Every structure is written in structure tokens, then in C-alpha cells.
Amino acid sequence: MAIKSINGVMLRKMILNGAKLLDSNKQHVDSLNVFPVPDGDTGTNMSLTLLSAAKEVTACPNNDLGVLCDAISKGALRGARGNSGVITSQILKGIASELAQCSSEITVKDLSRGLVKGTEIAYKAVTKPQEGTILTVVRSMSEHSVKMAKRTTNVADFFTSVIKVGEETLKQTPEMLPALKKAGVVDAGGRGLLIIFQGFYNSLIGQEEVNLEFDDSIKKVSEGKTNNYEQFHVDLTELDAIEFAYCTEFFIINLKEATKESDIDAFRDKLMQIGDCVLVIGDLSMVKVHVHTNNPGQALSYALELGEIDRIKIENMLEQNRALISNREAEELKPFGMVSVCSGDGMAAIFKDLLVDEIIEGGQTMNPSAEDIANACDKIAAKDIFVFPNNKNIILAAEQAKELAKRNIHVVPTTNVPQGLAAVLAFNPQDTVDNILSDMEDARLAVKVGSVTFAVRETSVDGFDLKEGDIIGLGDKKILAKGENANAVVEDLLEKLMDDDISTVTLYFGHEATEEQAQELVEKLSEKYDMCDVDAHYGGQALYYYIIALE
């Protein structure tokens, strides 16, 4: 099939289908997690990122390439979750920045430039890029795309060849990362990226749905359904300068018999001449309209040419914005605020007791997006906000939130809850930002952390032969103990982690661990390690029987 170029209509379809295909196959991507613990959410994170971009694209008022590309970039960033989601958002940002420069048609050369730019931005987003990951896959695809741009002008052939090279590189990732080879899987992020590109290609050839087969040594998951997109929404807090004053919404019903689909398109074009944020969706049975304009009467007049008007809502955004600005100016900002991510009502209560302003529910398998973090920060009436991600897979999203938030965000790179608690305890509101960050960094690094969870699949790793359901004890980077009883695994794990500098052991119990079991463990450990203070607190965290802090 010879396709010389793609336009805005096709680009829109490609983004929506890429998001749909990944959402249908996200469980397979999740299953490629290297570590056999229940936090393999790469596919879920990437899917939520793409669905956010798709939602923004769906709300685009027209198929102008500049508008669509801006929606892709902003939507992906707002929805970015976890490292894989953030990296995916940066790849899309680079691609969109190049395609936005095209007037009306996108060629193979434009696509190649976009891939190269996306790779460049994605690598810059990661402090220490590691080969054998999604970054390697996208880099090989972009390098090959440059060669293909010199050989062909056929967009379909371009995608076929680039995806093939991506697949070849993906198969090599276990040789680049020992952890992948040991687990016998390919890189999850790389697989997710190729599913997205397969979705793009399917749109080009008119194949909207397909049952994908994977050669990843993991069983294929069944196709699911995509999330429903939310209705168009305008955030009035972003309206610093309003050109069009009246937010006008209504439905056109009982359309005249002479009205055609082309009349609806012409109506949309008329609205774009008198305003912005135009949304005209529906068919000859009913049309929903949204427009920002200085002449809502004119918009209604145009609509009456097509049919009857129903459920009219006109809001004065100038007045709304004046009220918001007035409230913002009136609020007194305190110097500092704190935001923490954690899972479990017990953990949340502990952070609240330590005067953390906002708690974001999240952690393993449930990574908040950059927008979630930015929104939490903006709720706090403080000049500088300290954010504690408490999970290595949330740190990048927290960094990206700086671009979205109206507050000054300082990310303390805590990789677990005990580090977050230690950093919060080190907070001195009388000190400077730099000194506070330094003290928090010292505090988080002084904590040794262990955790007890369960294996989600059969594998051999770190010298252990595991079967599904085995209870395992984890240190900072590897499995140190296994057993059939959570308390026994804690004892075994502590023997590996304990040293002469430890004076305090704190257990946070959750997932199926009871208070009675925790207290029984405290008594036993206090007897065994009589030089340490041993205590237990209810954490309520999912998936982990115990999270252990040693200080």
C-alpha cells in the first residue's frame, strides 16, 4: 500500500488507535516485569499516559497539525505515570514538536525527524540512561528511520521497517541487561512502545483492531476495552488572559430534514471564526456544541439554521477569572508545604501526624501522574513545596510536575516510605530551602529498608527458586529471604540487614498482616536484638506484609 503522506485526520486516528491497542494489551506488558513482585505496572502506566494524550486529541476542535500536536504533547505530559509513562510522554513530545511544523501533510522525512527528536528528549529526561530499556528500542528505531527516509517515501513501508528494527532490538535487550536475561523476558517498556507503533501502523492500513501475538515467553492476554474519554473541560485557573469572554454550551436537537453532515462541518468553521475552544460533536440526530466567544448570540443564531437549541449554558469567564485572581491575591502564602505519596490509610495518617499537607494515594501498581502531583501541590498555600515520591517509579513524574504546577516544587528523591518519613522528620521550617533539602537528603540516605511481599510468578532470581505465592524478603536491590510465613521471613531478612550501627527497627504492617502478628514479631525481635528499640505501626499498605525501617 503506497501512502506518500498523512494529514491531521490520520494523525488523530493513529494516536487514538495506538492508545486503544496498548490499553488492550497492557496486562501483557505488565507481565514482563523483571522482579517477581506485584508492582509490574509498566503497561498500565504507559497506557494511562497514552489515554491522556488521546483524550486531549479527542477534544481538539479541528485537525490542524499544530493544534493536534500540542494536544498530544500536553495530554501525554499531564497523564504521565511512572518512569515508563514519563519517558513515553517525552518521546511523544519530541515527535509532536517536529510534526507541528508541517503545514498540512506529514512525510516520511518528517516522521524520521520526529523520532530523532523524541529519542533526544527522552534520553535527556533520564538522569542516568540505561541501555537495554525502552530508550535503546526508540534509539534504534530513530537511527534506522534516518536511513529509511533516504530510501522510501512510502509511510506504510517506513513504519513496517522501523517496527521490525524495534522488534529486533527488543529481542536483544536481555543481552544488554543481566536482570532481563535472568528473568527470561524482554524489556517491558520497549514492548509497550512497539505496541503503540503497531497501533499507528494499523490505522494507516485500515486495520483498527488486531489480536497481537508476542514472542516474549509470556502468555498473551485477552483484548480489553479502552477507558471512556471524559467530556471537554476548561480549567479556569489557567485563564490568565481571556480573549473570548463567554463559555457557551448547548445542544442542537431535532435537526432540519435538509441539514447534512457538511452543514455541521460548515457550522464548526463558522464558530472558529468568532471564538476558540470549539467543540462540535454528534451527528444528524443531535449535536453538542462548546465555544468560547464574545458573541454567544451569533453562535446560537448559526445553530438555529441547523435545528432547535436545547440546554443552553452561558458563563462569563471574565467574572469567574476576576474572582479567582482575587482569591489568589488574598491568600497568604506560608513559606513551606509538603506533599507525600503513599499507599495505605495507616501510612497516610502517619504522614498527616507529621504535618504533611497533602497525601496522594499511590505507590506500587498505582503511580500518580505528573498532573496529579502538580494539582496536589497547587492546593497548598505555600511558596515552596517539598514532594516525597516514596517510590523510584514516581520520581520522574514528580520532576515533570514542576512544569505543570504554579508552586515552586522541590522533589526529595525518596524511593520508599521509610525514607519519606525520615526526610519529613528532618524538616526544619526555620531553615533555608537549600539547607532543608540537604538535611532531608542526609536523613533519607541514613535509613536502611527491607520489605516482605509475595512472588507473582515462578522464576529463579538472586539465587532463589521461586514459585507463585512464595513469601519473599527484599533488601534495597535484591531478594534476601523466602519462606511460607511472613513473620519468619522478616526474621530471616533482618539477619541479613542488621549491623552494629542499627539502634531502631520499625515495622509497618499491612497486606494480610494483623496487629497481633506484628506485636508477636516485635516481642520476638526485641528479645533477639536487645540493643535495639523495636516498634510496629499500622500501615495498611497493599501487597506488602511488612515494610521495615532500620536506623
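Everything below is about the structure printed above this text.
Bear in mind that the values here come from a model prediction, so they are computed numbers and not experimental data. (Residues numbered from 1 in each chain as written. Predicted model: local features only at pLDDT ≥ 70, side-chain atom pairs only at ≥ 80, totals over all residues. Heavy atoms only, no water.)

Trainee: Please explain the sheet that holds strand E14 (residues 504–509) as it appears in this structure.
Mentor: Sheet strands associate in pairs through backbone hydrogen bonding, adopting either a parallel or an antiparallel arrangement. In space, the 6 strands of this open sheet follow the order E13-E12-E9-E16-E14-E15, with mixed pairing throughout. Taken across any chain shown, the strands that pair with only one partner, and hence form the sheet edges, are strand E13 (479–483) and strand E15 (533–538). Neighbouring strand axes in the sheet, compared pairwise and without regard to direction, differ in orientation by 15 degrees on average. Pairing geometry for strand E9 (residues 448–454) and strand E12 (residues 471–474), over 4 bridges, is antiparallel. Counterpart to Val452 in the pairing with E12 is Gly473. Against the sheet, helix H13 (residues 345–353) makes contact with E14, E15 and strand E16 (546–550), and its axis sits at roughly 110 degrees relative to E15, the strand it touches most. Of the strands in this sheet, E14, E15 and E16 touch helix H19 (residues 515–528), which is tilted by about 170 degrees from E15. (Pairing = 2+ DSSP bridges. Helix = DSSP H or I, 4+ residues; strand = E, 2+ residues; numbered from the N terminus. Axes fitted to C-alpha atoms, helices over the stretch in contact; angles between N-to-C directions. Contact = heavy atoms within 4.5 Å.)

Trainee: It is not clear to me how the side chain of Ser73 should be interpreted in this structure. Could you clarify?
Mentor: Relative to the helices and strands, Ser73 resides in helix H3 (residues 65–79). Excluding residues within four positions of it along the chain, Ser73 makes contact with Lys93 and Ala96.

Trainee: It is not clear to me how the packing of helix H5 (residues 108–125) against helix H6 (residues 134–151) should be interpreted in this structure. Could you clarify?
Mentor: For any two helices packed against each other, the geometry is given by the interaxial angle and the distance between the axes. Running from N to C, H5 and H6 cross one another at 155 degrees; their axes reach a closest spacing of 9 Å. When the axis of H5 is compared with that of H6, the two are roughly antiparallel. Where H5 crosses over H6, the two elements pack in a sense that is left-handed. Touching Val108, Lys109, Ser112, Leu115, Val116, Thr119, Ala122 and Tyr123 of H5 are Leu135, Thr136, Val138, Arg139, Met141, Ser142, Ser145, Val146, Met148 and Ala149, all from H6. Looking at side-chain class alone, the contact of H5 with H6 contains 11 nonpolar, 5 polar and 2 charged residues. (Parallel < 35°, antiparallel > 145°, perpendicular 65-115°, else oblique. Left-handed = near helix turned anticlockwise from the far one by under 90°. Nonpolar A, V, L, I, M, F, W, Y, C, P; charged D, E, K, R; others polar.)

Trainee: Would you explain the pairing of strand E7 (residues 382–388) in this entry?
Mentor: Regular strands show a simple pattern: their side chains alternate between the two faces of the sheet. Among the 7 residues of E7, 6 are classified as buried, and the element is accordingly described as predominantly covered. Where E7 lies against strand E8 (residues 408–411), 4 bridges are found, and the strand directions are parallel. Each bridged residue has a counterpart across the sheet, and for Ile385 the counterpart in E8 is Ile409. Note on the crossover from E7 through helix H15 (residues 395–400) to E8: the handedness is right-handed. (Buried < 20%, exposed > 50% of the residue type's maximum accessible area, 1.4 Å probe, protein only. Right-handed = clockwise from strand over helix to strand, strands pointing away.)

Trainee: Teacher, can you tell me more about the pattern of salt bridges here?
Mentor: Opposite charge on two side chains permits them to pair, given that their charged atoms come into close proximity. Counted according to the given criterion, the structure contains 27 salt bridges. A salt bridge links Asp470 to Lys467; its shortest N-O distance comes to 3.1 Å. Judged by relative accessible area, Asp470 falls into the buried class, the value being 6%. Judged by its relative accessible area of 47%, Lys467 is partly exposed. When the shortest N-O distance is used, the salt bridge between Asp492 and Lys496 registers 2.8 Å. Within this pair, Asp492 and its partner Lys496 are both found in helix H18 (residues 486–497), separated by 4 residues, close to a single helical turn. Accessibility expressed as a relative area gives 46% for Lys496, which makes it partly exposed. (Salt bridge = Lys/Arg side-chain N within 4 Å of Asp/Glu carboxyl O.)

Trainee: Explanation requested: the sheet that holds strand E5 (residues 334–342) in the structure shown.
Mentor: As summarised here, the arrangement of the 4 strands in space is E6-E5-E7-E8, forming an open sheet in which the pairing is parallel. Across the chains shown, the open sheet's two edge strands, defined by having one partner strand only, are strand E6 (358–361) and E8. When strand polarity is set aside, the average angle formed by the axes of neighbouring strands in this sheet is 25 degrees. The strands touched by helix H17 (residues 433–445) within the sheet are E5, E7 and E8, with E7 carrying the most contacts at an inclination of about 15 degrees.

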